[in-house]
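Below are the chains, spelled out letter by letter.
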Amino acid sequence: MLNDGYLIITSPDGTLEADTLQCVHCNKHYIVKPGSGKRRGWCTLCAGTTCGSYTCNSCIPFEKKLDAFEQRERLLNSILQ
Amino acid sequence: MARNYYGNGFCTAGTNKSALELLTTAAVRPKIYEVMVGCSAAPASQAALWQVQRHTATGTGTALTAVKVDPADPAALVTCKTNNSVEPTVTAADVPWELALNQQATFDWHANPGKEIVLAASATAGATLKTSTSTGTAVHQGSMYWEE
């Protein structure tokens, strides 16, 4: 699987490099840790990984959430003006 | 065509201490594609949880001018603040990036093209790079690169 991001940590103990994947529903990047036991998901509609959070189980694409947030802001601004 | 900018901030590590706050406008959806954190204080074994968290209301901090990656570009639409005295009102659990880090370590994370952290186009929205928790109080430096 191709990564969505890349992380480099440098410390006195050495350098650690890791891939990150991005949740298609909340935009979050998380570090890929094989064997960590953390359950992630895959959205067949968005064709992408999800972070495993309960709120990201249902398919609401992040783009749609952004649109809803911006529409709400515009509505609030028009009411307050 | 997207234009790239960056901001360098700092904060004294602690509970919810912002090193760099980005405030968007209704005209643009900034996309954060790189985050860097390090500490210039004397080496000590302390740990902090670093987060990029979305916010819905800005805080109070020292204004910072976003730097243009390409000098020919116009000024950034996003405004920056650093070393906040009043923290922004963050959105609970909306943390698109986090990493626990020892004070002696530095990290550099970058997103692939198309996989950036996208912020809403709104005059009140934005994101802040902060220490969520910390065992120490050393001054840390943080940078974010974004395109708009």
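Since the structure is predicted, the reported quantities are computational estimates derived from the model, not experimental observations.

Draft legend 1. Examining the pairing of strand S13 (residues 139-147) of chain B more closely. Residue and element names in this part refer to chain B. Both strand S1 (residues 4-12) and S13 contribute to a ladder of 9 bridges, which runs antiparallel. Bridging across to S13, Tyr5 finds its partner in Trp146. Taken together, the 8 bridges between strand S3 (residues 31-39) and S13 define a ladder with antiparallel strand orientation. For Glu34, the partnering residue across the bridge sits in S13 and is Tyr145.

Draft legend 2. The arrangement of the interface of chain A and chain B in detail. Opposite the 24 residues of chain A that make contact, chain B presents 29 residues. Carbon and sulfur atoms supply 49% of the area buried between chain A and chain B, which totals about 2100 Å² over both sides. Between chain A and chain B we count 4 salt bridges in total. Between A:Glu63 and B:Arg29 there is a salt bridge, with the nearest N and O atoms lying 2.8 Å from each other. Run the count over chain A and chain B and you get 19 residue pairs in polar contact (both at pLDDT 80 or more). Among the secondary structure elements, those contributing two or more residues to the side of chain A that touches chain B are strand S1 (5-11), strand S2 (14-22), strand S3 (29-31) and helix H1 (62-80) of chain A.

Draft legend 3. Layout of the environment of B:His110. As for its placement among the helices and strands, B:His110 is situated in strand S10 (residues 106-111). Residues B:His110 and B:Gly61, 49 residues apart in the sequence, show an inter-C-alpha distance of 26 Å. Not counting residues within four places of it along the chain, the set of residues in contact with B:His110 comprises A:Gly5, A:Tyr6, B:Tyr33 and B:Glu34.

Draft legend 4. Structural context of the confidence of the model for chain B. In the predicted model, chain B carries a mean pLDDT of 95, and the fraction of residues at 70 or more is 100%. With a pTM of 0.95, the predicted complex shows an ipTM of 0.92.

Draft legend 5. Structural view of the environment of B:Ala19. All names here are of chain B. Along the chain, Ala19 turns up in strand S2 (residues 17-23). Note: C-alpha distance between Ala19 and Ser134 (115 residues apart in sequence) is 13 Å. Once you skip the residues sitting within four places of it in the chain, Ala19 turns out to touch Gly9, Phe10, Cys11, Trp50, Lys81, Thr82, Asn83, Leu129 and Lys130.

Scoring rules and cut-offs
Residues numbered from 1 in each chain as written. Chains lettered and ligands numbered in written order. Predicted model: local features only at pLDDT ≥ 70, side-chain atom pairs only at ≥ 80, totals over all residues. Heavy atoms only, no water. Pairing = 2+ DSSP bridges. Helix = DSSP H or I, 4+ residues; strand = E, 2+ residues; numbered from the N terminus. Contact = heavy atoms within 4.5 Å. Buried area = accessible area lost by both parts, 1.4 Å probe. Salt bridge = Lys/Arg side-chain N within 4 Å of Asp/Glu carboxyl O. Polar contact = N/O pair within 3.5 Å; in protein donor to acceptor, adjacent residues only side chain to side chain. pLDDT = per-residue confidence, 0-100.

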